[in-house]
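Residues per chain are reported as follows:
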Amino acid sequence: METKKLGRQTVRFSDPPAIVGCGSVAGSKEGRGPLGHCFDLTSRDDRFHQESWEKAETTMQKKALSFALNKAGLTTEQLDYVLAGDLLNQCIATSYSMRTQEIPFFGLYGACSTMAEGLSLGAMLIDGGFASYTAALTSSHFCSAERQYRNPLEYGGQKPPTAQWTTTGAGAVILSRKGEGPFVTHVTTGKIVDKGITDANNMGAAMAPAAYDTIQIHLQETGRTPDFYDCIVTGDLGQLGQEIVREFFREDGIELGQRYADCGVLLFDPNAQDVHAGASGCGCSAIVLAGYLLQQMAAKKYRHILFCGTGALHSPLSMMQGESIPGICHAVAISRRKEQEHE
């Protein structure tokens with residue numbers, strides 16, 4: 001059997017799955033940011049008319065998936081699998097969003113890399129002949145994350161400049177065996193990179209080495225250079241993490257320039273919105289991809305995107321035990337045309 005692997009970590013799909021629908025739901029702060037006009041729904045009520053922040057997150061997921069299915073012209077019955085997760089313990093926002101959907105479901109925990117992980121596995125299922133339609137779905141909520149990971153909201157603890165603002169948002173992307181594109185052409189699965197960072201208020205520094213490692217491996221195994229891509233975008237490293245990645249590549253003699261961006265930097269206006277180093281959370285890269293980047297591809301502003309979801313794989317318990325923060329990054333190459341048509 002002909003292998004689809006390029007090296008140890010990268011897969012090139014023989015029949016690249018098409019992205020046929022996407023949905024994005026955002027909170028009020030995200031709606032006031034520079035990308036607010038791109039989302040399918042922004043709500044002034046961050047509870048989304050629910051009794052708790054956690055139930056609000058479940059509601060966001062349902063709405064994001066509904067938007068994506070409507071754009072794809074599909075029903076839930078036509079989905080072969082949903083691959084989804086969130087930041088909460090046992091991924092409760094996701095499991096409760098799925099409990100009435102009656103769709104075969106894989107629950108994922110990739111922290112803020114979950115959208116890239118879901119796209120990777122969904123594309124593999126389709127290209128492997130195991131599915132015709134898959135959905136990648138994820139969410140985060142500022143208040144539910146603060147309640148779990150940091151101080152109670154009422155405490156009002158001060159954060160250092162390296163801290164990031166957890167995104168209130170949910171994103172969904174539908175992949176199909178057939179479609180007009182854009183297409184997921186390659187996936188580079190990341191490996192754990194842990195440089196010993198223990199500060200939960202400096203997750204950009206904890207995740208940046210993993211982002212550098214995966215992007216470097218992707219370029220090496222595909223034989224591409226950064227200028228092949230119109231946009232290389234990391235998940236949610238924020239200002240500090242983004243600069244660390246730039247510096248790593250400068251040490252290799254590579255200047256990423258304007259083609260490199262970070263979802264955590266794109267989502268908010270740092271001058272008008274108090275978000276410290278930028279945005280974070282599963283919903284950050286999910287809504288930037290579904291609400292902005294794929295729109296740019298549809299408008300023919302981008303031909304090729306390397307979407308690199310980054311995640312900090314820690315928990316409240318591991319932080320209390322003084323553990324370091326392992327980082328992960330999965331890279332998904334998205335092109336307007338199937339690869340064999342332009343290479």
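Each remark here, short or long, concerns the structure printed above.
Residues numbered from 1 in each chain as written. Predicted model: local features only at pLDDT ≥ 70, side-chain atom pairs only at ≥ 80, totals over all residues. Heavy atoms only, no water.

Thoughts on the packing of aromatic side chains
Here comes step 1: Here the structure, examined in full by the defined rule, presents four aromatic pairs.
Here comes step 2: When the ring of Tyr-212 is compared with that of Phe-249, the centres are 5.0 Å apart and the planes differ by 75°; the resulting orientation is edge-to-face. Within this pair, whereas Tyr-212 is found in helix α6 (residues 203-222), its partner Phe-249 is found in helix α7 (residues 238-251), the two being separated by 37 residues in sequence.
Here comes step 3: Residue class for Phe-249 comes out buried when judged on its relative accessible area of 1%.
Here comes step 4: The cationic tip of Arg-47 hangs over the ring face of Trp-53; the distance from NZ or CZ to the ring centre is 3.9 Å. (Phe/Tyr/Trp six-rings, centres within 6.5 Å; stacked < 30°, edge-to-face > 60°. Helix = DSSP H or I, 4+ residues; strand = E, 2+ residues; numbered from the N terminus. Buried < 20%, exposed > 50% of the residue type's maximum accessible area, 1.4 Å probe, protein only. Lys NZ or Arg CZ within 6 Å of the ring centre and 35° of its normal.)

Observations concerning the pairing of strand β9 (residues 169-176)
Here comes step 1: Of all eight residues that make up β9, eight are buried, and the element is covered over most of its length.
Here comes step 2: Here β9 shows a buried face lined by Gly-169, Gly-171, Val-173 and Leu-175 and a second buried face lined by Ala-170, Ala-172, Ile-174 and Ser-176.
Here comes step 3: Bridge count for strand β3 (residues 18-26) against β9 is eight bridges, and the pairing is antiparallel. Bridge pairing in β9 places Gly-21 opposite Ile-174.
Here comes step 4: As paired strands, strand β7 (residues 133-140) and β9 are joined by eight bridges and run antiparallel to one another. Note on β9: the bridge partner recorded for Ala-135 is Ile-174. (Pairing = 2+ DSSP bridges.)

Focus: α6
Here comes step 1: The terminal C-alpha atoms of α6 lie 29 Å apart, and with 20 residues this matches the ideal 28 Å at 1.5 Å per residue to within 8%.
Here comes step 2: Summarising burial for α6: 18 of the 20 residues are buried, a large majority. (Expected span 1.5 Å × (residues − 1).)

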